[in-house]
Amino acid sequence: MQRVSFEVSGSGYNSEAESSGYMSGPMSGQLPPVYKKPAIKNSGFSGEHSRTRATPAPYVDITVDVHDDRVSVNSLRSPGSEGGSSVEENPELTLLKRNRLEKKTSVVKRLASVSHELKRITSVSSSSTRKAGRGAAKLDRTKSAAAQALKGLKFISKNDGGAGWSAVEKRFNQITATTGGLLIRTKFGECIGMNSKEFALELFDALARRRNITGEVIDGDQLKEFWEQINDQSFDSRLKTFFDMVDKDADGRLTEDEVREIISLSASANNLNTIQKRADEYAALIMEELDPDNIGYIMLESLETLLLQAASQSVITSTGERKNLSQMMSQRLKPTFNRNPLKRWYRGLRFFVLDNWQRCWVIVLWLIAMAILFVYKYMQYRRSPVYPVMGDCVCMAKGAAETIKLNMALILLPVCRNTITWLRNKTRLGRVVPFDDNLNFHKVIAVGILVGVTLHAGAHLACDFPRLLDATPEQYRPLRQFFGEEQPQSYWHFVNSVEGITGLVMVLLMAIAFTLATPWFRRGKLNLPGPLKQLASFNAFWYTHHLFVIVYVLLVAHGYYLYLTKDWHNKTTWMYLVAPVVLYACERLIRAFRSSIKAVTIRKVAVYPGNVLAIHLSRPQNFKYKSGQYMFVNCAAVSPFEWHPFSITSAPQDDYLSVHIRVLGDWTRALKGVFSEVCKPPPAGVSGLLRADMMHGANNPDFPKVLIDGPYGAPAQDYKKYEVVLLVGLGIGATPMISIVKDIVNNIRAKEQAELNRMEHGTSEPQQRNKKESFRTRRAYFYWVTREQGSFDWFKNIMNEVAERDTNRIIELHNYCTSVYEEGDARSALIHMLQSLNHAKNGVDIVSGTRVMSHFAKPNWRNVYKRIAMDHPNTKVGVFYCGAPALTKELRHLALDFTHKTSTRFSFHKENF
């Protein structure tokens, strides 16, 4: 037991929580219990309440006994009091002043229960206080942490499109143009810019009841009154409006049916179907909490207190030093403008080179190589006998052809995945070679080929061939050795030849492959009519991309039957291609051989909400991989030729392999259909819409045959090089991060166990390890952002397992559901209250269904980076992102901005598929 004494002032306190803008989302684990019998009594919503003024009060001495599992008050005395008379005090005072304690953090964490104990002791006013003429203290919400957290409670969010009364009035005039200036109830939400139709109808009814409006229509003046009340900056006014929506009969009491109805309404407005289905259960939870005597109703004041208590839990008090550091960092992060354009240009160029030096030297080397080849061929043909007739056109064509040879050789190297994985894992080339950008380099080379082909074909068809056709007999005489004794008379002479046919067919096939590889076709973004619709699909991209086999055969033939080159050793096309083609052919043979001998069996299949298919496979012997890597999957029942990459969601320590596949294209849609045929609805309490498990004995499902190939390297596999990592997954992009999170927990537990074993055996020296420790991660932040509540079912068991096993809180887990309105919005206020209440009582989050508390709306990524930079100065932080490209630019920009302006170095990595 520890005894702690500290002083509390009855007035004039200024909590750090009030002035600090620093917010920290809830993590895994239990929350402090809410007050079941709050001491805060609301005396109505009159202006008198908000104008209550605190009077000065003397300091009091409080002594508490801190035990392992509880905190009790030993004594409570005011100065000059012999008997230690009690004084009435704000029940949240001790919690807000806890940074005054001069004890260890473990003691501070247990002071949450002090507030509850003080509330019991200080419920009776001291006689000395009454003699001094001081009235009972009231809660001034404008100064409390709860009011700071709920200072919004907005009915119109910035995403709803509400832009002030002028915009509302304009919409009103448009909507009521045919109704004689009267707004119908069903159009109220559209008029004020609220996209939650049902919530808007309830808000209309609440505002109408207050004004005794019984009809279904309102005029412009009444709409303006409604709008002014909705946008009232008074916290009491907004809170009263919210309660008017709940208390439909305006009797100041809430029955269980009314609570159930508002829960269902809030869940519907936020697209939380699971909560809407369990509205009865959550209504009973609130009644149990606020109506312990089973009188059948609760008072509005009790619900208000619970609402404020839930909001106040999201406010974390911070030290003054941290607050000052945050302000200083914000000041440094403000953009600065240099009036000197040369200095601005130099500064931008310097930062660009520092951030992209790996990409820069590769691109520069590639450009130099092409330039050298182009100039070499250009100068060679300037000395050729054909130059007087065909001029610079033939030089341009031959120079471009030489760059095409080089690029047709290089374009195969970025897709030699086994080679790249070996180089990434076994060598240190990753420090200078940007292996993460292999597919981007593949695309850049494709653009180089496109430019080369355009220049080569254009120079031939539009320039040197016409010159040859128009040449005089005397000019043509030196060219007979190249084009024959008879001078060509038309273009058909060139087209009807091996060189012409192979060249035109190559251009056609390249055009098809290049067009269908663009994002509009490959991702199915184009809505083409009729049979052409099949062209806008991944299948079309995959099959047409394999036309490259024909293209390479034609390229070799085109490079052999040349007009101007007769000696075989000068026909260099095959020399460029032989090594890359052999390497790529070996890669494909290895993939085919490896996938055929590594037999896998399906252990479990589950279909989850959001069109996600989870497959658990047996792990082949000697299948070694790292978290963050991916493998290819083939299902012959869908297509015997197609292989598609998916991140591995299991950890390297697991005895199985798992992938989670989002149904986005034709192949994944067909795969889901095949597995859905052998799945059945799961029993109660088991996640998933459909499931099928392989069990010992008979009646096992007849799963289709699946082949795998891999593993292959990916950017996320390098997370172990960083002491601190920020993992960001958008929707199904959480798949590689889930494996990493599990791997971090497993590695830390393994190191702790090895340390315990070493101590038990009395070994003074740790076991022999590599010169450089391979696993450096000491802290991880995982942010999973998803649109649908059902998405949390994908990794529910894994998230619970990590939250339970991570006893040292190495990993911060943050779930964000963007369908829910931001905290402070009236449409999500009750959801937030239920979330805090259920997590405190049962340890389960009502949104995600896990132990990890969920956040609402989208994360403030600048605040996320800022917090990490404050907590980890002079540290290199690895940022790993997998998801839609839309967020890539913002995360990369923030990483660069904080790297340039703080002592923390952020290294951004993005998954590419």
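In short, a report on the structure.

Parameters and conventions
Residues numbered from 1 in each chain as written. Predicted model: local features only at pLDDT ≥ 70, side-chain atom pairs only at ≥ 80, totals over all residues. Heavy atoms only, no water. Helix = DSSP H or I, 4+ residues; strand = E, 2+ residues; numbered from the N terminus. Buried < 20%, exposed > 50% of the residue type's maximum accessible area, 1.4 Å probe, protein only. Contact = heavy atoms within 4.5 Å. Pairing = 2+ DSSP bridges. Axes fitted to C-alpha atoms, helices over the stretch in contact; angles between N-to-C directions. Salt bridge = Lys/Arg side-chain N within 4 Å of Asp/Glu carboxyl O. Parallel < 35°, antiparallel > 145°, perpendicular 65-115°, else oblique. Left-handed = near helix turned anticlockwise from the far one by under 90°. Nonpolar A, V, L, I, M, F, W, Y, C, P; charged D, E, K, R; others polar. Patch = residues over 30% accessible without salt bridge, like charges linked within 9 Å, V, L, I, M, F, W, Y side chains within 5 Å. Areas by Shrake-Rupley, 256 points an atom, 1.4 Å probe, with all protein chains shown as cover. Lys, Arg positive; Asp, Glu negative; His and termini not counted. Charge placed at Lys NZ, Arg CZ, Asp CG, Glu CD. Disulfide = S-S within 2.5 Å. Arc of directions from axis to C-beta. Polar contact = N/O pair within 3.5 Å; in protein donor to acceptor, adjacent residues only side chain to side chain. Phe/Tyr/Trp six-rings, centres within 6.5 Å; stacked < 30°, edge-to-face > 60°. Lys NZ or Arg CZ within 6 Å of the ring centre and 35° of its normal. Core = buried A, V, L, I, M, F, W, Y, C linked by side-chain atoms within 4.5 Å.

Within the protein chain, the regular secondary structure consists of 35 helices and 20 strands. In the protein chain, which comprises 913 residues, the share counted as buried stands at 50%. Within the protein chain, contacts between residues at least 6 apart in sequence are counted, and of these 75% link residues at least 24 apart.

Read across the open sheet, the 6 strands follow the order β18-β17-β16-β15-β19-β20; overall the sheet is parallel. Both outer strands of the open sheet, β18 (854-856) and β20 (905-910), are each paired with one neighbouring strand and no more. When the angles between neighbouring strand axes are averaged without regard to direction, this sheet yields 20 degrees. Pairing of strand β17 (residues 811-817) with β18, which is carried by 3 bridges, proceeds in the parallel orientation. Residue Y816 lies in a different strand from β18, and its bridge partner there is H855. Along the sheet, helix α34 (residues 861-871) contacts β15 (724-730), β16 (779-786), β17, β19 (876-882) and β20; its crossing angle with β16, the most-contacted strand, is approximately 175 degrees. Against the sheet, helix α35 (residues 888-901) touches β15, β19 and β20, its axis set at about 160 degrees to β20.

All right, on to the pattern of salt bridges then. Note that side chains of opposite charge can pair when their charged atoms are close. On inspection of all chains with the given rule, the structure shows 24 salt bridges. Between R867 and D871 there is a salt bridge, and its shortest N-O distance comes to 3.8 Å. Within this pair, R867 and its partner D871 are both found in helix α34, separated by 4 residues, close to a single helical turn. Exposure remark for R867: the relative accessible area of 9% places this residue in the buried category.

Attention now goes to the packing of helix α13 (residues 256-269) against helix α15 (residues 279-290). At a minimum axis separation of 9 Å, α13 and α15 run at an interaxial angle of 125 degrees. As judged from the angle between their axes, α13 and α15 are oblique. α13 and α15 meet at a crossing whose hand is right-handed. Contact residues: α13 offers E256, V259, R260, I263 and S264, while α15 offers A279, D280, Y282, A283, A284, I286 and M287. Tallied by class, the residues present in the contact of α13 with α15 amount to 8 nonpolar, 1 polar and 3 charged.

Attention now moves to a positive patch on the surface. There is a patch of like positive charges on the surface, built from R428, R431, K721, R776 and K876. Its location among the elements puts K721 in the loop between β14 (706-712) and β15.

With that out of the way, let us pick up the sheet that holds strand β9 (residues 612-618). The strand order across the open sheet formed by 4 strands is β12-β9-β8-β13, and the pairing between neighbours is antiparallel. Pairing within the sheet leaves two strands with one partner each, and these edge strands are β12 (656-662) and β13 (690-693). Averaged over all adjacent pairs, the angle separating strand axes in this sheet is 10 degrees, with direction ignored. Here 6 bridges tie strand β8 (residues 602-608) to β9, and the two strands are oriented antiparallel to one another. From the neighbouring strand, V607 faces β9, where its bridge partner is L613.

Among the structural elements, I262 can be located in helix α13. Spatially, the C-alpha atoms of I262 and M245 are 7.9 Å apart, while their sequence positions differ by 17 residues. Each residue touching I262, except ones within four places of it in the same chain, is listed here: V246 and L830.

Counting buried residues in β19 gives 6 out of 7 residues, a clear majority hidden from the surface. With 6 bridges connecting them, β15 and β19 associate as parallel partners. Along β19, the bridge assignment pairs L726 with V879. Relative to β20, β19 runs parallel, the two sharing 6 bridges.

Next up on the list: unusual backbone geometry. Across the chain, the bulk of peptide bonds are trans and the bulk of non-glycine residues have phi less than zero. Note the cis peptide between G710 and P711, where omega equals 0 degrees. Secondary-structure assignment places P711 in strand β14. Unusually for a residue other than glycine, N611 sits at a positive phi of about 60 degrees. Within the secondary structure, N611 sits in the loop between β8 and β9. Residue N611 is classed as partly exposed on the basis of its relative accessible area of 34%. One non-glycine residue, N874, adopts positive backbone phi at about 55 degrees. Inspection of the secondary structure puts N874 in the loop between α34 and β19.

What follows is about the state of the cysteines. Here the structure, examined in full by the defined rule, presents 1 disulfide. Two residues, C393 and C463, share a disulfide whose sulfurs are 1.4 Å apart. Taken together, the residues C393 in helix α19 (residues 387-410) and C463 in helix α21 (residues 438-469) connect sequence positions 70 residues apart. Judged by relative accessible area, which is 10%, C393 ranks as buried. By relative accessible area, which is 22% here, C463 ends up partly exposed.

A few words on helix α11 (residues 220-230). For α11, the complete set of buried residues consists of L223, F226, W227, Q229 and I230. Angularly, the buried residues of α11 cover 165 degrees about the axis, an arc narrow enough to put them on a single face. Of the residues that open α11, the one with a side-chain oxygen 3.3 Å from the backbone nitrogen of D221 is D219.

Right, let's talk about the packing of aromatic side chains for a bit. Centre-to-centre distance and the angle between the planes together describe a pair of aromatic rings. As enumerated under the stated definition, the model contains 26 aromatic pairs in all. Among the aromatic residues, those joined into a cluster by ring pairs are W784, F792, W794 and F795. Geometry around F632 places R591 over its ring, the cationic atom sitting 4.5 Å from the centre.

Turning our eyes to something else, we now look at the nonpolar core. Grouped together as the largest cluster of nonpolar side chains are 89 residues, with contacts concentrated most on F188, I263, I744 and F782. The residues touching F782, leaving out its near neighbours within four places in the chain, are L727, G729, A734, M737, I738, V741, M799, E812, L813 and H814.

Checked against the element boundaries, T875 lands in the loop between α34 and β19. T875 sits in the buried class, given a relative accessible area of 16%. Of the polar contacts made by the side chain of T875, one reaches the backbone oxygen of P873; its length is 3.0 Å. Once residues lying within four places of it in the same chain are set aside, the contact partners of T875 are V724, S903, T904 and R905.

Turning next to the pairing of β14. Of all 7 residues in β14, 6 are buried, a share of seventy percent or more. In the sheet, strand β10 (residues 630-635) pairs with β14 via 5 bridges, with the strands oriented antiparallel. Paired with V633 across the bridge in β14 is I708.

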